Amino acid sequence: MKKLLFICLFFSFFLGISQEKKINFDKEIDYKIMDKNKFDGFLKTYTSKSGEFLTKITIKNLPVYFFTDKIGTSSVGLEMNNRLEGSDILNSSMYYGFNNYSYLSDDKKEYRLESKKMDTKETILGIPCSHYLLNFKQKDSDERKESFKVCIDDHSSYNNVPVLSGLINFFDKNTKIKSSGLKGLILKGGPEKTYDTEYFVASSMKDSKDFVYFDHLKTMMKQQRKQDSIMLAHQKEEEDMVTDTVAYADSSFVEIDSTTALASPTHYVQVDSYIPNYVSEYKKIQSDASDLAINNTINKNLLKGIPKHCKNFEAEIPSFNHKGLKGHLKNYVGQMCDMYLTQSDNHSVGIKITLDEIRREVLYLNEIQEKLDQSDKKKLNNYLKNLD
């Protein structure tokens with residue numbers, strides 16, 4: 001018990017001194033996910049030349065984020081002020097369907113990622129890439145997983161191969177993938193046998209000025225502590241057959257005894273209370289309608305919590321004589337709809353960014369009134385007045 005107390009004190013100490021840093025991304029890459037040549041979803045990744053990636057993917061109708069760097073891959077949530085926080089959503093039974101804790105087992109099969117360059121190439125977004133065959137070979141065994149085929153720009157200064165292996169490690173809890181040293185920018189990938197019909201492929205690539213604040217080490221320590229807590233609770237269940245173990249294991253901290261100071265929530269409030277200094281940039285923002293969360297929400301259950309006009313707002317926005325007004329109005333309404341999605345605990349809306357966008361568009365709509373002809377002014381005001 002003393003050893004356990006020491007471990008918790010050790011983690012708490014490092015959580016207290018760890019610091020968030022600003023991570024700047026250079027590129028924003030969108031990928032389409034195709035299933036039997038039909039669109040089946042999307043994946044977006046923000047990447048930096050220093051090897052840090054923020055990946056957004058839709059899983060079971062919910063958009064979630066993953067952060068990857070040299071120390072691994074973690075599921076994260078995008079909070080206010082461009083701040084990332086660790087997320088436990090993908091560890092829950094709603095995703096894995098577990099009624100036990102086998103996914104925490106240390107008895108994992110270790111696979112080595114072997115790559116073989118093929119003689120074929122293709123061009124994606126005007127970028128030539130070479131085909132590689134990836135095999136996952138089990139250590140000290142001839143056992144292999146299904147081969148995976150990728151098209152890689154192996155001359156790129158960006159290397160997102162760790163994202164692929166990191167996501168495999170994350171979702172296959174009983175498998176540990178070691179990288180082969182292959183480097184480059186993956187532009188397309190899919191199972192070898194169905195590469196032409198089931199795949200993901202880069203659909204757009206552009207420069208990015210996006211950034212986040214994040215302390216990955218602190219997040220990984222928290223997640224490890226969470227898993228250790230669940231393991232302890234599981235052991236208690238086996239020993240005592242306690243009926244409330246599931247609820248106990250789901251807590252983010254195991255209370256060692258009633259006197260320990262570690263059980264005080266005040267400590268964690270102090271650790272997590274950091275936000276960056278506010279910088280007024282909302283007037284300079286350049287919006288991108290493709291980033292609206294409402295456009296990417298395919299979970300119909302979330303639609304019950306938003307205004308009716310959000311479900312088809314793009315088609316219902318009127319046309320105007322004034323050039324540019326429709327685009328600003330569309331962005332304003334879309335950003336407002338995004339804010340309603342934040343009622344969900346698992347939303348993917350960047351709250352500060354969305355608020356900045358709304359402020360900028362409100363300013364625009366107020367200032368443009370004097371420049372509109374009577375027809376446009378009437379249509380604009382009627383539209384805004386009749387939004388439910």
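In this report, we go over the structure that sits alongside the text. Note that the coordinates shown come from a computational prediction; the quantities given were computed from them, not determined experimentally.

Packing of helix α8 (residues 325-341) against helix α9 (residues 351-368) leaves a shortest axis separation of 9 Å and a crossing angle of 145°. Once α8 is placed against α9, the crossing between them reads as left-handed. Of the residues in α9, those in contact with Leu325, His328, Leu329, Asn331, Tyr332, Gln335, Met336, Asp338 and Met339 of α8 are Ile351, Thr354, Leu355, Glu357, Ile358, Arg360, Glu361, Val362, Tyr364, Leu365 and Ile368.

This part is about α9. The α-helix advances 3.6 residues per turn, and as a result positions three or four apart in sequence lie on the same side. Its 18 residues place the ends of α9 26 Å apart at the C-alpha level, agreeing with the 26 Å of an ideal helix rising 1.5 Å per residue. Among the residues making up α9, those that are buried are Ile351, Lys352, Thr354, Asp356, Glu357, Ile358, Arg360, Glu361, Tyr364, Leu365 and Ile368.

This brings us to the state of the cysteines. Under the definition given, this model contains two disulfides. Note that Cys129 is cross-linked by a disulfide to Cys151, the S-S spacing being 2.1 Å. Between Cys129 and Cys151 the sulfur-sulfur dihedral comes to about 100°; the bridge is accordingly right-handed. Here the residue Cys129 occupies a position in strand β9 (residues 127-138), and Cys151 occupies one in strand β10 (residues 148-153), the gap between them amounting to 22 residues. In this structure, Cys129 and Cys151 share a single accessibility class: buried. Bridging Cys310 to Cys337, the disulfide has an S-S length of 2.0 Å. Given an S-S torsion of about -90°, the disulfide between Cys310 and Cys337 has left-handed geometry. Remark: Cys337 occurs in helix α8 and Cys310 occurs in the loop between α6 (265-271) and α7 (313-316); sequence separation between them is 27 residues. By relative accessible area, which is 4% here, Cys310 ends up buried. Once the disulfide-bonded cysteines of the protein are ranked by sequence position, their pairing pattern turns out to be 1-2, 3-4.

The next point concerns the pairing of strand β12 (residues 185-191). Most of β12 sits inside the fold, with six of its seven residues counted as buried. Relative to β12, β10 runs antiparallel, the two being bridged by six bridges. Looking across to β12, one finds that Cys151 is bridged to Lys188. Of the strand pairs in this sheet, β12 and strand β13 (residues 198-207) are connected by two bridges, and their pairing is antiparallel. Pairing of Lys188 across the sheet is with Val201, part of β13. Here β12 folds back onto β13, and the loop between the two strands holds six residues.

With 34 residues, the main nonpolar core has Tyr31, Ile124, Leu134, Phe148, Val150, Ile152 and Ile186 as its most contacted residues. No other element matches the five residues that helix α3 (residues 161-171) contributes to this core. Here Val150 is in contact with Ser130, His131, Tyr132, Leu134, Leu164, Ile186, Lys188 and Gly189, once residues within four sequence places are set aside. Counting residues in each nonpolar core, the second largest holds 23 residues, with Leu292, Ile306, Cys337 and Tyr364 among its members.

Okay, the pairing of strand β2 (residues 27-35) next. Along a regular strand, successive side chains alternate from one face of the sheet to the other. Pairing of β2 with strand β3 (residues 38-47), which is carried by nine bridges, proceeds in the antiparallel orientation. Residue Lys27 lies in a different strand from β3, and its bridge partner there is Thr47. What sits between β2 and β3 in their antiparallel hairpin is a turn of two residues, with Lys36 showing a positive phi close to 55°. Across nine bridges, β2 lies against β13 in antiparallel orientation. Bridge assignment links Lys32 to a residue of β13, and that residue is Val201.

The rules behind the values
Residues numbered from 1 in each chain as written. Predicted model: local features only at pLDDT ≥ 70, side-chain atom pairs only at ≥ 80, totals over all residues. Heavy atoms only, no water. Axes fitted to C-alpha atoms, helices over the stretch in contact; angles between N-to-C directions. Helix = DSSP H or I, 4+ residues; strand = E, 2+ residues; numbered from the N terminus. Left-handed = near helix turned anticlockwise from the far one by under 90°. Contact = heavy atoms within 4.5 Å. Expected span 1.5 Å × (residues − 1). Buried < 20%, exposed > 50% of the residue type's maximum accessible area, 1.4 Å probe, protein only. Disulfide = S-S within 2.5 Å. Pairing = 2+ DSSP bridges. Core = buried A, V, L, I, M, F, W, Y, C linked by side-chain atoms within 4.5 Å.

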